[in-house]
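The lines below spell out each chain.
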Amino acid sequence: MNQTNYWNPNDAPFWESKGKRIANRNLWISICNLLTAFSVWQIWSILSLQLIDAGFNYSTDQVYMLTAIPALTGAMVRFFYSIGVTYLGGKTWTFLSSIILLVPVLGVGWALTNTNTPYSIMVILAALCGLGGGNFASSMASIGTFFPRERQGAALGINGGLGNLGVSLAQFIIPIVITIPIFGVLGGAPQTIDTGNGTMSVWLQNGAFIWAIPIVVFSLLALFGMDNLPLEKPKLSSQLKVFQRKHMYLMTILYIMSFGSFIGYSAAFPLLLKGEFPHISTIQLVFLGPLLGAIGRPVGGYLADKFGGAKVSLLDVCIMVIGILGIIFFVQEGTKSFLGFFLSFLLLFASGGIANGSIFTMFPIIFGPMESPAAIGLASAIGAFGGFFIPSIFGWSIEATGNVSLALSIFVVYYVLCAVVIWYYYSRKNAEIQVDLKK
């Protein structure tokens, strides 16, 4: 088991002789566990696509809810995860928070072997998948302390950006593994789906079972390869002071706009494509949206360092509005176009990912070094609720009006509000906090 009795990455000789090696080892093991956690968090975005076709007696609204519920759980546990890791240490917390994900993946796999599984059981299992979403807050809170001040931004960008790729990984791998009996008789019997040109067998449970192996491997890597740093445990009262700051709530609104959009659209995108263009096979394309969003995060951080976080975020939210308006245009009768709809969504993903990175850089400037970790933890917790509300609003819009236009109109209004907040409080000449003053 790894143990170090002294830790000061800002001590140059220590960093070069010992600290760099330890920090990089912990970073890459953290990325592996975070990547898997994000994949577990988003398995329902793909598994939900064929539930009804496979014989599960659920409504459209219920299926959308299954994609939304993991985000709700992930949002609820994030703040506690960000605090808990500071007391137990990165190694201990990463191991425990990763190995517990065996419960939802094995449970979901088991439930999918029986088309008579009650919806209430599926809801509980979907909620447990949300524990994977909590790992982001604890991972980001832990990894930053391994690196010198001038390297923390890059380390956090790599950790968060590569971790977010777990969404794309899930949406790329699951459509493949559900068509193959890779676990044989241990994986259970297949479901039968009518394709219009006949029937085909699928093993939806494989989309859950497949994550059990990396969970075990990476959890053990965390247990035997990571470190609990000998750092002073912060007082809870000092971390909770951010609740008294007005800008805490303003930045939370913006974090919902960026990360909430990324995780919410990641969950809803596959269902939207299938619902709007049922005659086109899109299951192998859906990973591209989350992939662009994940890649956009470090790009946003770089652009914010160069031009200013507020400027970049304001421009990005305007582009997100353009993306939404494009989606609205291309779902209307008479102008309906798969290519237009798909490209508009990719624009929305890319700009949302860049905004996520640029907004992240604003926290240290607004809150300072003492309060910014707690502020990020709280904002990321509340921001993750976007992953619940976006699929839920889409499902409600379809049930109420028969299409998604009402939901998209709501999102346009929200993004315009976010643009006003960024301009008024952080970007204009006489803003309360000149985030871009030196840019």
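Residues numbered from 1 in each chain as written. Predicted model: local features only at pLDDT ≥ 70, side-chain atom pairs only at ≥ 80, totals over all residues. Heavy atoms only, no water.

### Focus: the overall build of the chain
Regarding its fold elements, the chain presents 18 helices and two strands. Expected size for 439 residues packed as a compact globule is a radius of gyration near 22 Å; at 22 Å, the chain falls within 12% of this value. Overall, the chain is about 65 × 55 × 35 Å in size when its C-alpha atoms are taken along their principal axes. Split into buried and exposed, the 439 residues of the chain put 57% on the buried side. Contacts in the chain between residues at least 24 apart in sequence constitute 82% of all its contacts with a sequence separation of at least 6. Of the accessible surface of the chain, which amounts to about 17,800 Å², a share of 68% is contributed by carbon and sulfur atoms. Once the 22 positive and 16 negative side-chain charges of the chain are each reduced to a mean point, those two points are 12 Å apart. (Helix = DSSP H or I, 4+ residues; strand = E, 2+ residues; numbered from the N terminus. Rg over C-alpha atoms; globule rule 2.2 N^0.38 Å. Buried < 20%, exposed > 50% of the residue type's maximum accessible area, 1.4 Å probe, protein only. Contact = heavy atoms within 4.5 Å. Areas by Shrake-Rupley, 256 points an atom, 1.4 Å probe, with all protein chains shown as cover. Lys, Arg positive; Asp, Glu negative; His and termini not counted. Charge placed at Lys NZ, Arg CZ, Asp CG, Glu CD.)

### Structural notes on helix α18 (residues 405–427)
Side chains three or four residues apart in an α-helix point the same way, a direct result of the helix having 3.6 residues per turn. The end-to-end C-alpha distance of α18, which contains 23 residues, comes to 31 Å, matching closely the 33 Å that a straight helix rising 1.5 Å per residue would cover. What α18 keeps buried is the set S405, A407, L408, F411, V412, Y415, C418, A419, V421, I422, Y425 and Y426. (Expected span 1.5 Å × (residues − 1).)

### Re the nonpolar core
In terms of nonpolar packing, the biggest core is built from 121 residues, with W44, Y265, F394, Y415 and Y426 touching the most fellow members. Among the elements that make up this core, the one with the highest residue count is helix α12 (residues 246–276) (15 residues). Every residue in contact with Y265, bar those within four places of it in the chain, is listed here: I324, F345, L348, F349, I390, F394, F411 and Y415. (Core = buried A, V, L, I, M, F, W, Y, C linked by side-chain atoms within 4.5 Å.)

### Let's talk about helix α10 (residues 212–225)
For α10, built from 14 residues, the straight-helix expectation of 20 Å at 1.5 Å per residue is met to within 8% by its first-to-last C-alpha distance of 20 Å. In this structure, the buried side of α10 is in contact with α1 (12–41), α4 (90–99), α5 (102–112) and α9 (206–209).

### Structural notes on the pattern of salt bridges
Evaluated as defined, the whole model comprises five salt bridges. Across the pair D227 and R25 runs a salt bridge, and its minimum N-O distance is 2.6 Å. Highlighted residues: D227 in the loop between α10 and α11 (236–239) and R25 in helix α1, separated in sequence by 202 residues. The class of D227 is buried, set by a relative accessible area of 2%. The partner of E276 in a salt bridge is K336, with the nearest N and O atoms 3.2 Å apart. Residue E276 is located in helix α12, and its partner K336 is located in the loop between α14 (309–330) and α15 (338–360); the two are separated by 60 residues in the primary sequence. Take E276: its relative accessible area is 13%, and that puts it in the buried class. Note on K336: relative accessible area 36%, which makes it partly exposed. (Salt bridge = Lys/Arg side-chain N within 4 Å of Asp/Glu carboxyl O.)

### Thoughts on the pairing of strand β1 (residues 191–194)
On β1, burial follows the alternation: Q191 and I193 on one face are buried, whereas T192 and D194 on the facing-out side are not. Strand direction decides the pairing type here: β1 and strand β2 (residues 199–202), joined by four bridges, are antiparallel. Residue T192 lies in a different strand from β2, and its bridge partner there is S201. (Pairing = 2+ DSSP bridges.)

### Brief notes about the side chain of R297
Following the sequence through the fold, R297 ends up in helix α13 (residues 288–307). You can call R297 buried: its relative accessible area is 4%.

### A few points about the layout of surface pockets
The rolling of a water-molecule-sized probe over the atoms marks out the regions of remaining empty space. Its volume calculated, the second largest pocket comes out at about 490 Å³. Of all elements in the fold, only β1 and β2 reach the threshold of two or more residues within the lining of the second largest pocket. Residues belonging to the lining of the second largest pocket are distributed by class as follows: ten nonpolar, seven polar and three charged. (1 Å grid on protein atoms, 1.4 Å probe; cavity = no way out; pocket = protein on both sides within 12 Å on 5 of 7 lines; lining within 4 Å. Points joined across faces, edges and corners; volume = space filled by probe spheres on them. Nonpolar A, V, L, I, M, F, W, Y, C, P; charged D, E, K, R; others polar.)

### Overview of empty space enclosed by the protein
All chains considered together, the criterion is met by two cavities of 30 Å³ or more. If you trace the largest cavity, you find 15 residues lining it, with S30, T94, N135, S138 and S139 closest to the centre. Sorting the residues of the lining of the largest cavity by element identifies α1, α4 and α7 (131–143) as the ones contributing at least two each. Grouping the amino acids of the lining of the largest cavity by side-chain chemistry returns five nonpolar, ten polar and no charged. As for the second largest cavity, its lining consists of N33, T36, A37, S98, L101, I215 and F218. Elements represented by at least two residues in the lining of the second largest cavity include exactly α1 and α10. Take the lining of the second largest cavity: its biggest share by element is three residues, from α1. Grouping the amino acids of the lining of the second largest cavity by side-chain chemistry returns four nonpolar, three polar and no charged.

### So, a nonpolar patch on the surface
Taken together, the side chains of F172, I176, I180 and I182 define a hydrophobic patch exposed on the protein surface, amounting to about 310 Å² of accessible area. Of note, F172 is situated in helix α8 (residues 149–177). Judged by its relative accessible area of 37%, F172 is partly exposed. (Patch = residues over 30% accessible without salt bridge, like charges linked within 9 Å, V, L, I, M, F, W, Y side chains within 5 Å.)

### Describing the environment of F262
Secondary-structure assignment places F262 in helix α12. Considering only alpha carbons, one finds F262 and I43, 219 residues apart in sequence, at a separation of 15 Å. Setting aside anything within four residues of it in sequence, one finds F262 in contact with N164, V167, P290, G293, A294 and F349.

### A few points about the packing of α1 against α10
Where α1 contacts α10, the two axes come as close as 10 Å, and the packing angle between them is 150°. Here α10 runs roughly antiparallel to α1, going by the angle between their axes. In the packing of α1 onto α10, the handedness of the crossing is left-handed. Facing α1, whose interface residues are R25, I29, C32, N33, T36 and V40, α10 presents P214, I215, F218, S219, L221, A222 and G225. (Axes fitted to C-alpha atoms, helices over the stretch in contact; angles between N-to-C directions. Parallel < 35°, antiparallel > 145°, perpendicular 65-115°, else oblique. Left-handed = near helix turned anticlockwise from the far one by under 90°.)

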